[in-house]
Amino acid sequence: MDDLHPEYEIYDWNRKSQFLDVAFLPSCGKFGLECDGYQSHVKDMDREKFSYSLNRDTFLSGMGWRIIHFSFDDVQNRPEICRMLLQMVITPALLRNPRPGSLSHRWNKRS
């Protein structure tokens, strides 16, 4: 759990402070986990906010972040879907770069 950081502050291309809902920062990469509610992220969004949201994700990708979005409804009502998708995205990176002392690290050293 040491690699999880809620409300993680980042700065965009305008040096404007932004917050990821959760940053997962294992030694193998940078993952931003976002929980998006329909009301605040879609329904109430104008064209400018929509463009900014897309540019923010692209900027973070360029800075080495992998941004993973979940809907609030899925987090609340279908957590198994969120878990499965999260594992699909994060597991390959963890297997390529296991943490020293972990089971996968010891396994990789044998092969």
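Preceding this section is the structure that the text describes.
These numbers come from a predicted model, not from an experiment.

Observations concerning the overall build of the chain
Along the chain, the regular secondary structure elements total five helices and four strands. Helices and strands in the chain line up, N terminus first, as β-β-β-α-α-β-α-α-α. Pairs at least 24 residues apart make up 48% of the contacts formed inside the chain by residues separated by at least 6 positions. Working note: accessible area of the chain is about 8,100 Å², and carbon and sulfur atoms make up 56% of it.

Structural notes on the sheet that holds strand β3 (residues 30-36)
The sheet built from four strands is open, its strands ordered β1-β2-β3-β4 with mixed pairing. In this open sheet, the two strands that pair with only one neighbour each are β1 (4-11) and β4 (65-71). Pairwise comparison of adjacent strand axes, ignoring direction, gives a mean angle of 40° for this sheet. Inspection of the sheet shows β1 paired to strand β2 (residues 17-24) by seven bridges, in the antiparallel sense. Considered in β2, the bridge of Tyr8 is made with Leu20. In this fold helix α4 (residues 79-96) packs onto β2, β3 and β4, with an angle of close to 170° to the strand it touches most, β4.

Focus: the nonpolar core
In terms of nonpolar packing, the biggest core is built from nine residues, these being Phe24, Cys28, Phe31, Leu33, Ile68, Phe70, Cys82, Ile90 and Ala93. Among the secondary structure elements, those contributing two or more residues to this core are β3, β4 and α4. Aside from chain neighbours lying at most four places away, what touches Phe70 is Glu34, Cys35, Asp36, Val75, Cys82, Leu85 and Leu86. In terms of nonpolar packing, the next biggest core, distinct from the first, is built from six residues, Ile10, Ala23, Trp65 and Ile67 among them.

Procedures and definitions
- Residues numbered from 1 in each chain as written.
- Predicted model: local features only at pLDDT ≥ 70, side-chain atom pairs only at ≥ 80, totals over all residues.
- Heavy atoms only, no water.
- Helix = DSSP H or I, 4+ residues; strand = E, 2+ residues; numbered from the N terminus.
- Contact = heavy atoms within 4.5 Å.
- Areas by Shrake-Rupley, 256 points an atom, 1.4 Å probe, with all protein chains shown as cover.
- Pairing = 2+ DSSP bridges.
- Axes fitted to C-alpha atoms, helices over the stretch in contact; angles between N-to-C directions.
- Core = buried A, V, L, I, M, F, W, Y, C linked by side-chain atoms within 4.5 Å.
- Buried < 20%, exposed > 50% of the residue type's maximum accessible area, 1.4 Å probe, protein only.

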